[in-house]
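# Chains, contacts and geometry: an overview
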Amino acid sequence: MAFLTAALLASAVIQAAPAPVQETLAPADWRRIAQGDIAAAYDIYLSSHPGVVDPTNPSFPAQLKRARDKAMAFANQVEDEAGYRRALAVFSAEMQDGHAQLWPVGKAAAATLEWPGFVSAWRGDRLFVHRSEGSAIPRGSVIHSCDGRNAKALLNKYEFSWRGRPAEAGQWWSHGTHLFLREPSKYLRPIKSCRFRTPSGRIVSKKLQWTPAPPEAASWAAVAMEGEPSTIGFSEPRPGLFLISMPTFSPDKAGTEAYTALFAAVDEHRERITTARAVVIDLRHNKGGSSSYSRKLATQLWGKPSVDAAAGNLFKDVEIWWRASPDNARRHRNVAASLRRSNLEDRAVATDRMAEKIEGALARKETFHVDSLKKAEVPVPPPLPLPPVYVITDGSCFSACLDAVDIFKRFSNVKLIGAPTSADSPYMETVGEKLPSGRAQAAIPTKIWMGKPRKNGEYYSPDLLFTALDWTLSGSLDAVERDLRPAQLSR
């Protein structure tokens, strides 16, 4: 479980305000605020992040210091709120971990965006015009180069130089959408002109006219990056294709109720699922939360004995090391109280139990509380009968979304379809802490997965790569049916 989802943690999230909300402060005040929050973030991670005392990662303290120093060097030239947000992103980028991020909150999170009249999308190894409004560039055009740089060089300069994790393939899919929808900034000159290859094959050059983006542009970008929104549920969109939509593992009260209904529907239709053409699990838009939802579904589909044995074998060498700090114990207690206010008592009890473990280690003057998952490898019982299973992932799949794929991929009838995922580190179970200015929050991992089989920065590549410009559910189901056709014809 991660208490703060990647939707909050990822620096790539586009947020737009309907009108400017910039606070009018003197440049010196913005510098002071940025410097104070960066210094506080460093101290928070130093006292609470498990990487600081991780015996298997002796370079972490130096990495944390680099994050502080680079962000502070940028903070020293900050003159406005946009610069403040950028200083936070510089710190996060150096951490190279979606679970260890600084992000603005409240009014500071809202930015007025600008664009040249189109939204871009990364597909495979190319950048496309996904939506064009008031632009002479046709939708579907390939963005060949801008200001003399090819698409990869553009992303490295304008995105990955200050935020994101370029070593993760999925991050290219996420950040490619942000290249032409961004906050105006005096800290990096805007792209001036680009060369395009239109759908008809013509090569055209255009000077870009940057103007305020309409409020809808942020939702257009989300669709370009992850496809149309979906809701938690179970359905049969085409005869013999059962769809299980899981767009979040951090549901609100209504979402929790929707999961209850989903699991009931899977049980009700289990016999029909057995004889279906395929099961499709849609994880688009899923940025993590609690892995309990995917584990519950897996036991329904493949059977609890098989899932428990497969998961136990996967994690047979794992230990969970909880960083014992007074602040981590306090933060877990605060999270538990918040969960109770939301009537999520089961999760509140589990969170209090984590706090108790940390408090016990503190009382014993230990650096970590250790939970061992180690066990002998066991034979995996035959799973329940099931047709082919296709799991749709996007470039933002992270944290508990990756945990879901870990379990699903234990079974040979599973194929991934979509984009490469993001990745995470062994540092998990994030809690939040407001920074002194109140304008930003730090996400703090509190435990280490020692011996985790999926290594730091390791991501999943799809078996069926998604390359269509429009990432619709219908298009994904078409791809599933194309993949099924040879097997069905051979029967």
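Quantities reported herein were computed from a predicted structural model and do not represent experimental measurements.

A word on the overall build of the chain. When helices and strands are tallied, the chain shows 15 helices and 19 strands. Its C-alpha radius of gyration of 23 Å places the chain within 12% of the 23 Å reference for a compact globule of 491 residues. Out of the 491 residues belonging to the chain, those deemed buried represent 56%. The long-range fraction of contacts in the chain, counting pairs at least 24 apart against all pairs at least 6 apart in sequence, stands at 77%. Summing over all exposed atoms, the chain offers an accessible surface of approximately 20300 Å²; the carbon and sulfur share of this is 53%. Averaging the coordinates of the 63 positive side-chain charges in the chain and doing the same for the 52 negative ones gives two points 5 Å apart.

Once that is clear, we can look at the pattern of salt bridges. Any two side chains of opposite charge can pair, on the condition that their charged atoms come close. Considering all chains together, one arrives at 41 salt bridges under this definition. The salt bridge partner of E94 is K70, with a shortest N-O separation of 3.0 Å. Placement of the pair is E94 in helix α4 (residues 81-95) and K70 in helix α3 (residues 60-75), with a sequence separation of 24 residues. Of the residues examined, E94 reaches a relative accessible area of 15% and is grouped as buried. Since its relative accessible area comes to 45%, K70 is described here as partly exposed. A salt bridge links E366 to R364, with the shortest nitrogen-to-oxygen separation between them at 3.0 Å. Looking at E366, the relative accessible area reads 33%, which means it is partly exposed.

Moving on: the state of the cysteines. Throughout the structure, instances matching the rule amount to two disulfides. Between the sulfur atoms of C146 and its disulfide mate C194 the distance is 2.0 Å. The sign of the S-S torsion, about 105 degrees, decides the handedness of the disulfide formed by C146 and C194: right-handed. With C146 in strand β5 (residues 142-146) and C194 in strand β7 (residues 193-197), this residue pair connects regions lying 48 residues apart in the sequence. Note on cysteine connectivity: C397 is disulfide-linked to C401, with sulfurs 2.0 Å apart.

Bringing the confidence of the model for the chain into the picture now. Here the chain shows a mean pLDDT of 92. Residues at 70 or above account for 94%. Taken together, the stretch residues 1-21 has pLDDT below 50 and engages in 67 contacts with residues farther than four places along the chain or on a different chain.

For the structure on display, the rule yields 20 aromatic pairs. Between Y45 and F91, the aromatic rings sit 5.8 Å apart at their centres with planes inclined by 15 degrees, giving stacked as the arrangement. Linking Y45 in helix α2 (residues 27-48) with F91 in helix α4, this pair joins segments that are 46 residues apart in sequence. In this pair, the class of Y45 matches that of F91, namely buried. A centroid spacing of 5.5 Å and a plane angle of 20 degrees characterise the contact between F234 and F242, whose relative ring orientation is stacked.

Moving on, we get to the packing of α2 against helix α12 (residues 326-341). Contact geometry for α2 and α12: axes closest at 8 Å, N-to-C directions at 100 degrees. When the interaxial angle is binned, α2 and α12 end up roughly perpendicular. Between α2 and α12, the residues in contact are I44, S47 and S48 and D327, N328 and R331, respectively. By residue class, the composition of the contact of α2 with α12 is one nonpolar, three polar and two charged.

Within the open sheet, the six strands sit side by side as β10-β11-β12-β15-β16-β19. Their pairing is mixed. Either end of the sheet is taken by a strand with one partner, and the two such strands are β10 (233-238) and β19 (464-465). Its contacts with the sheet place helix α8 (residues 253-268) against β10 and β11 (241-245), and it is angled at close to 55 degrees to β10.

Definitions and limits used
- Residues numbered from 1 in each chain as written.
- Predicted model: local features only at pLDDT ≥ 70, side-chain atom pairs only at ≥ 80, totals over all residues.
- Heavy atoms only, no water.
- Helix = DSSP H or I, 4+ residues; strand = E, 2+ residues; numbered from the N terminus.
- Rg over C-alpha atoms; globule rule 2.2 N^0.38 Å.
- Buried < 20%, exposed > 50% of the residue type's maximum accessible area, 1.4 Å probe, protein only.
- Contact = heavy atoms within 4.5 Å.
- Areas by Shrake-Rupley, 256 points an atom, 1.4 Å probe, with all protein chains shown as cover.
- Lys, Arg positive; Asp, Glu negative; His and termini not counted.
- Charge placed at Lys NZ, Arg CZ, Asp CG, Glu CD.
- Salt bridge = Lys/Arg side-chain N within 4 Å of Asp/Glu carboxyl O.
- Disulfide = S-S within 2.5 Å.
- pLDDT = per-residue confidence, 0-100.
- Phe/Tyr/Trp six-rings, centres within 6.5 Å; stacked < 30°, edge-to-face > 60°.
- Axes fitted to C-alpha atoms, helices over the stretch in contact; angles between N-to-C directions.
- Parallel < 35°, antiparallel > 145°, perpendicular 65-115°, else oblique.
- Nonpolar A, V, L, I, M, F, W, Y, C, P; charged D, E, K, R; others polar.
- Pairing = 2+ DSSP bridges.

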